[in-house]
Amino acid sequence: MDLYSDIVMDHFKNPRNVGAVEKPDGVGEVGNPTCGDMMTITIKVKDEHLSEIKFKTLGCGAAIATSSMMTELAQGKSIEEGMSLTRDMVAEALGGLPPEKMHCSNLAADGLHAAIKDYQEKLGK
Ligand code: FES
């Protein structure tokens, strides 16, 4: 059996929204204590909705795939919906991850939450 689903492989090979948005409204930097991998998420917010999300990661294939999927799931969603996006939702949308790779999916959701918190802090909320 293949380790990764076709959806994971697709997002790993053709990751969506790689890079950094210009003049971000929020920046989230997170690290994975299990492996030391790092990720930076940048967001643009318009009318309390996530209008643009990009990611940069120094991480494994599963981290790239989960980040790519996370940007697609969160794009256009409200701030609240972005905050309630969980790593399980991301992993599920990818057709599942092997148990030993679930820790890799933390980065994507945590990075998004960190970027939203940064945005809210800048607003003084
Ligand atoms: Fe580090 Fe996957 S091994 S994020």
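Fair warning: this is a prediction, and the values are worked out from it, not measured in the lab. (Residues numbered from 1 in each chain as written. Predicted model: local features only at pLDDT ≥ 70, side-chain atom pairs only at ≥ 80, totals over all residues. Heavy atoms only, no water.)

**Overview of the side chain of Asp37**
Here is step 1: Along the chain, the position of Asp37 falls in the loop between β1 (26-31) and β2 (38-46).
Here is step 2: Although Asp37 is buried, it makes no salt bridge; Lys101 carries the closest opposite charge, 6.7 Å away. (Helix = DSSP H or I, 4+ residues; strand = E, 2+ residues; numbered from the N terminus. Buried < 20%, exposed > 50% of the residue type's maximum accessible area, 1.4 Å probe, protein only. Lys, Arg positive; Asp, Glu negative; His and termini not counted. Salt bridge = Lys/Arg side-chain N within 4 Å of Asp/Glu carboxyl O.)

**Structural notes on the nonpolar core**
Here is step 1: Judged by nonpolar contacts, the single largest core of 30 residues is most densely connected at Ile41, Ile43, Leu50, Ile53, Met70, Ala74 and Leu112.
Here is step 2: Those elements giving two or more residues to this core turn out to be β2, β3 (49-58), α2 (61-74), α4 (87-93) and α5 (106-122).
Here is step 3: When residues of this core are assigned to their parent elements, the largest contribution, seven residues, is made by α2. (Core = buried A, V, L, I, M, F, W, Y, C linked by side-chain atoms within 4.5 Å.)

**With respect to the sheet that holds β2**
Here is step 1: One open sheet accounts for three strands, arranged β1-β2-β3; its pairing is antiparallel. The open sheet terminates on both sides in strands that have one partner only, identified here as β1 and β3. With direction set aside, neighbouring strand axes in the sheet form an average angle of 15 degrees.
Here is step 2: Sitting on the sheet, α2 touches β2 and β3, and the angle it makes with β3 is about 175 degrees. (Pairing = 2+ DSSP bridges. Axes fitted to C-alpha atoms, helices over the stretch in contact; angles between N-to-C directions. Contact = heavy atoms within 4.5 Å.)

**A few points about the pattern of salt bridges**
Here is step 1: Evaluation of the coordinates by the stated rule reveals three salt bridges.
Here is step 2: Residue Arg16 pairs with Glu72 through a salt bridge whose shortest N-O separation is 3.8 Å. A residue pair is termed long-range when its members are at least 10 positions apart, and Arg16 in the loop between α1 (6-13) and β1 and Glu72 in helix α2 qualify at 56 residues.
Here is step 3: Overall, Arg16 belongs to the partly exposed group, its relative accessible area being 23%.
Here is step 4: Residue class for Glu72 comes out partly exposed when judged on its relative accessible area of 40%.
Here is step 5: Lys122 is the partner of Asp118 in a salt bridge, and the nearest nitrogen-oxygen pair spans 3.0 Å. Residue Asp118 and its partner Lys122 are located together in helix α5, separated by four residues, close to a single helical turn.

**Description of the packing of α2 against α5**
When two helices pack together, their arrangement is captured by the angle between the axes and the distance separating the axes.
Here is step 1: Following both chains from N to C, one finds α2 and α5 inclined at 45 degrees, their axes separated by 7 Å at the closest point. Overall, the two elements α2 and α5 adopt an arrangement that is oblique. Between α2 and α5 the crossing geometry is right-handed. Two secondary-structure elements touch here, α2 through Ala63, Thr66, Ser67, Met70 and Ala74 and α5 through Leu107, Ala108 and Leu112.
Here is step 2: Here the residues of the contact of α2 with α5 are counted per class, giving six nonpolar, two polar and no charged. (Parallel < 35°, antiparallel > 145°, perpendicular 65-115°, else oblique. Left-handed = near helix turned anticlockwise from the far one by under 90°. Nonpolar A, V, L, I, M, F, W, Y, C, P; charged D, E, K, R; others polar.)

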